[in-house]
Amino acid sequence: MSPSSDLPDLRLTPHVLREYSVIADGERGAVIGPRGDIAWLCFPRWHGPAVFASLIGGGNTYAVIPTEQFVWGGYYEPASLIWRNRWVTTSGIVECRDALAFPGDPDRAVLLRRITAVHGRAHVQVRLDLRADYGRRPVRDVKKDGGHWLASDRDLHLRWSGAGDARAHRAGEDPHLALELTLPEGDSRDLVLEVTGHAPTGDPPDPDRAWRATETGWDAAVPPLDNCLDSADVAHHYAVLRGLTSRGGGTVAAATTSLPERAGAGRNYDYRYVWIRDQCFVGQ
């Protein structure tokens with residue numbers, strides 16, 4: 001399969017649950033599919049409206065996907081919710097390292113993505129669909145400001161850094177930003193997406209500094225657990241619970257808190273909130 005100018009319709013093919021991964025910062029969580037698509041992310045908090053909702057067929061997603069045929073895999077870095085998508089393509093190996101900057105800010109989500117050509121040249125397409133409110137409302141005022149993109153809609157603001165060479169597409173009701181990358185072996189590209197409730201101020205986050213702070217944050221959050229039968233698994237479970245626990249001490253029962261029980265049915269699963277019973281289990 002040769003590189004093409006447009007990604008396929010990312011809303012078409014759901015995956016089994018075991019092929020999704022979760023990253024979280026305590027205040028919100030993102031669900032990532034095997035095509036490198038951010039399939040679910042609510043803002044500003046766990047129970048907010050979905051900024052990305054392709055998990056239920058919404059048009060809003062943020063995808064990093066090889067343009068060649070690939071076999072997918074991935075793994076979490078130890079004792080953290082830093083996820084690495086890994087694709088073995090027809091000409092090489094591509095990885096995308098993903099994390100929500102940790103610990104999280106209640107008023108600002110920072111999504112870190114680092115695309116790396118591990119072996120051979122990497123041909124990758126990136127697509128950012130800009131919609132609010134579960135994909136029902138396209139984000140307006142999309143503009144380029146220096147080396148980054150800005151977009152806003154009512155009380156939702158986005159700043160996308162590291163993608164200054166992306167193109168804006170406004171065809172029909174499908175506004176999106178698209179970026180085609182060819183990386184030589186060993187090279188990386190950092191993409192940083194900020195989602196805030198107000199217009200971003202100051203300079204965009206420095207990717208290296210943000211990654212170091214996130215790594216340090218997870219090191220501090222997960223204690224040594226060497227006295228367990230399987231310390232690696234227990235440390236990962238601890239990291240999941242920490243990622244689902246806000247600074248107020250409440251632990252949500254799932255990263256998909258506002259996920260409708262059935263699309264268009266107007267009902268949510270009971271686990272959208274913090275339940276006292278579940279909180280007691282976490283404490284134990």
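Residues numbered from 1 in each chain as written. Predicted model: local features only at pLDDT ≥ 70, side-chain atom pairs only at ≥ 80, totals over all residues. Heavy atoms only, no water.

Trainee: I keep staring at unusual backbone geometry and nothing clicks. Help me out?
Mentor: Negative phi characterises most residues that are not glycine, and trans characterises most peptide bonds. Cis rather than trans, the peptide bond between Phe43 and Pro44 has omega equal to 10°. Relative to the helices and strands, Pro44 resides in the loop between strand E3 (38-42) and strand E4 (50-52). With an omega dihedral of -5°, the bond running from Phe102 to Pro103 counts as a cis peptide bond. Within the secondary structure layout, Pro103 lies in the loop between strand E8 (93-100) and strand E9 (108-119). Unlike most non-glycine residues, Ala79 shows phi in positive territory, near 55°. As for its position among the elements, Ala79 is in the loop between strand E6 (70-76) and strand E7 (83-89). (Helix = DSSP H or I, 4+ residues; strand = E, 2+ residues; numbered from the N terminus.)

Trainee: I keep staring at helix H2 (residues 231-243) and nothing clicks. Help me out?
Mentor: Taking 1.5 Å as the rise per residue, H2 with 13 residues should run 18 Å; its terminal C-alpha atoms sit 18 Å apart, in good agreement. Buried within H2 are the following residues: Ala235, Ala239 and Gly243. Angular distribution of buried residues about the axis of H2 spans 75°; they occupy a single face of the element. Of the surrounding secondary structure, the elements contacted by the buried residues of H2 are strand E1 (21-24) and helix H1 (207-221). (Expected span 1.5 Å × (residues − 1). Buried < 20%, exposed > 50% of the residue type's maximum accessible area, 1.4 Å probe, protein only. Arc of directions from axis to C-beta. Contact = heavy atoms within 4.5 Å.)

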